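Inside the fold
In case you want the letters, here they are:
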Amino acid sequence: MREVAVLGVGQTKFGELWDRSFREIGIEAGLQALVDAKLSSAELDGLFLGNMASGTLINQEHIAPLILDYAGLARRHLSSVRIEGGGASGSLALHQGYLAVASGLYDYVVVGGAEKLTDVPDAEATQITSSTADHEWEAVFGATLPALWALVARRHMHLYGTTREQLAQVAVHDHLMGSKNPNAHFRNKLSLEQVLGAGPIAEPLGVLDCAPFSDGAAAVVLGPLETARRHTDTPIRLAASQVACDSMALQHRKEITTLEATSAAAHRAFQQAHRTPQDVRVAEIHDAYTISALVSLEDLGFVEKGRAGPEFANGQFSGGGPLTVNPSGGLKAQGRPFGAVGVAQAVEIVRQLRGEAKDRQVSGASLGLTHDVGGTGATVVVHLLERAN
Amino acid sequence: MSIARFWRETPRRYNLGGSKCSTCATVYFPPRAVCPECTSHRQSIEKMIPFQLSGEGEVLSYTVVHEPAEGFEMQVPYVLALVQTREGPVLTGQVVDISPEEVRIGLKVHATFRKLREEGKAGVIHYGYKFAPTEEPESHPAPRGPAAVARTDELPARDRAPA
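Residues numbered from 1 in each chain as written. Chains lettered and ligands numbered in written order. Predicted model: local features only at pLDDT ≥ 70, side-chain atom pairs only at ≥ 80, totals over all residues. Heavy atoms only, no water.

Focus on the overall build of chain A
The number of helices and strands found in chain A is 13 helices and twelve strands. Here chain A has a C-alpha radius of gyration of 19 Å; the compact-globule value for 389 residues is 21 Å, and the two agree. Buried positions account for 66% of the 389 residues belonging to chain A. For chain A, contacts bridging at least 24 residues in sequence account for 78% of all contacts bridging at least 6. (Helix = DSSP H or I, 4+ residues; strand = E, 2+ residues; numbered from the N terminus. Rg over C-alpha atoms; globule rule 2.2 N^0.38 Å. Buried < 20%, exposed > 50% of the residue type's maximum accessible area, 1.4 Å probe, protein only. Contact = heavy atoms within 4.5 Å.)

Here's what the structure looks like:
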């Protein structure tokens with residue numbers, strides 16, 4: 001296995017991009033990444049594209065050759081493959097790109113993630129995104145994705161004494177971080193009272209506990225670490241890339257307040273990189289719902305089970321502490337274009353590790369983590385990235 | 001959704017038909033072809049036997065849903081719960097015949113046959129299990145919330161769930 005590096009990154013603005021099509025945003029992110037990597041497209045071997053639901057969201061399946069074509073690469077007949085794993089599609093694509101370069105079969109690949117959620121009404125987007133949980137045994141009985149996470153929240157509150165205010169604190173944090181990110185869907189700050197007073201979605205979760213439906217795309221260029229300095233002064237090594245899966249339905253998990261797939265993916269990733277959670281300085285974690293962020297922090301090994309609520313609320317992950325979480329604003333504030341999320345997380349961590357994150361730069365960031373979740377935790381992908389010296 | 005897609009699940013959705021591993025005796029709902037618990041995983045193939053759940057259980061967690069799943073628009077707000085059944089499997093379903101504020105973790109419930117949702121004016125009407133309390137709620141003796149009664153009355157007779 002070869003060492004793999006991120007050579008370039010690109011990302012569109014996230015949000016309600018009504019004037020831009022799926023293919024436009026996909027191409028924008030990919031071309032940015034190619035320019036950033038100072039890579040000629042003649043050197044490319046293939047594309048890996050994370051996308052959750054283009055078939056139902058924009059009535060277009062088979063998007064991988066479409067993006068290849070509009071990227072101007074169809075004449076070269078490169079390989080282009082779409083990868084789907086619900087909300088974790090983007091980081092699954094990153095994993096596939098990593099495998100391709102690590103294996104030695106490909107040298108340079110573009111990994112992209114793109115989703116266009118605002119071409120359908122919100123109710124339809126809720127239905128489509130909820131199909132990343134078990135349709136036959138959850139959705140048919142009235143479950144939506146936020147409702148399932150609300151079940152996790154209620155149980156977490158019951159078992160560990162997590163409070164409604166501690167949940168709300170996650171949204172306050174994310175919006176504070178997002179206010180410094182020019183690509184963020186939301187750049188407004190939120191008060192605790194605003195989050196607590198927002199209308200209910202699935203109790204105890206309200207509107208401001210839930211990430212928005214966003215349009216957006218992100219891309220990275222991967223290549224072998226050994227030749228990375230031809231393309232960049234600050235190559236970022238992909239120190240670990242791990243995928244773990246679990247039962248599709250929440251009802252079939254051993255314990256709903258633990259995402260065992262997160263623990264498994266994180267454990268393997270730290271083993272692969274010979275590192276521990278204490279080494280991580282900056283992390284982009286799954287916070288599609290405020291409860292998801294708390295459960296994620298616990299299952300990734302950053303805090304003890306049941307302690308994320310109080311430890312998050314005391315501000316230790318909001319900058320200045322050993323670990324800063326979601327400097328991009330996370331899914332809650334930067335936005336949630338499902339299939340693009342995992343790639344955007346990697347883009348943010350690369351910018352942090354290069355020292356290019358401007359107003360939101362985490363000082364001393366040397367090792368970063370991304371954590372991407374599909375459905376209620378049936379697919380989880382964890383990456384560790386570090387500055388190569 | 002096609003009629004066949006729902007119809008083929010009726011033994012499970014109407015009668016709680018699950019399966020049991022004849023090696024380790026773990027019960028599953030919906031039924032499975034292979035036992036995930038069994039140490040001799042491969043040996044459980046073709047050894048899973050039909051098993052019917054009693055429908056008795058208790059609330060493991062719950063939420064009051066305000067932004068509904070498709071086809072549930074007429075029912076908001078509704079209580080969705082994970083129910084830990086007596087035999088082991090956990091089921092996802094609505095809790096009815098109780099006002100949302102009286103539902104709590106640990107509430108004893110039993111499965112009851114109800115209308116789940118309908119696919120528009122001309123589509124299929126789906127039936128299956130929901131859960132009703134088996135003990136009197138602590139605060140109010142009235143078993144039905146006023147909102148639920150009003151909603152049922154508003155529906156034309158043909159759309160009402162069977163009792």
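Once the structure has been displayed, the description carries forward.
Describing the overall build of chain B
In terms of regular secondary structure, chain B is built from three helices and eight strands. For chain B, the N- to C-terminal ordering of α and β elements is α-α-β-β-β-β-β-β-β-β-α. Looking at chain B as a whole, 44% of its 163 residues are labelled buried. Residue pairs in contact within chain B that sit at least 24 positions apart in sequence constitute 54% of those at least 6 positions apart. By element, 54% of the accessible surface of chain B is carried by carbon and sulfur atoms, the whole surface being about 8500 Å². (Areas by Shrake-Rupley, 256 points an atom, 1.4 Å probe, with all protein chains shown as cover.)

Describing the domain arrangement of chain A
Residue and element names in this part refer to chain A. With domains assigned, chain A is organised as domain 1 (4–121 + 214–237) and domain 2 (133–210 + 238–387). Placing the centre of domain 1 and that of domain 2 at their C-alpha centroids yields a distance of 23 Å. Contacts between the two partners involve 47 residues from domain 1 and, on the opposite side, 37 residues from domain 2. Buried surface at the junction of domain 1 and domain 2, summed over both partners, amounts to about 3300 Å²; 60% is from carbon and sulfur atoms. (Domains from an automatic or database assignment. Buried area = accessible area lost by both parts, 1.4 Å probe.)

Here's the deal with helix α3 (residues 63–70) of chain A
Residues and elements named next belong to chain A. Regarding α3, the residues found buried are Ile63, Ala64, Leu66, Ile67 and Leu68. Here the buried face of α3 lies against α1 (22–36), β2 (46–50), α2 (54–57) and β3 (79–83). Looking one or two places after α3, you find glycine 72, whose phi comes out positive at around 80°.

Considerations on the pattern of salt bridges
Residue and element names in this part refer to chain A. In this structure the tally under the stated criterion is 22 salt bridges over all chains. For lysine 305, the salt bridge goes to glutamate 298, with nearest N and O atoms at 2.9 Å. Here glutamate 298 falls in the buried class, since its relative accessible area comes to 6%. A salt bridge links glutamate 311 to arginine 307, with the shortest nitrogen-to-oxygen separation between them at 3.7 Å. Residue arginine 307 is classed as partly exposed on the basis of its relative accessible area of 38%. Salt bridges linked by common partners bring Glu3, Arg237, Arg275 and Glu386 together as one network. (Salt bridge = Lys/Arg side-chain N within 4 Å of Asp/Glu carboxyl O.)

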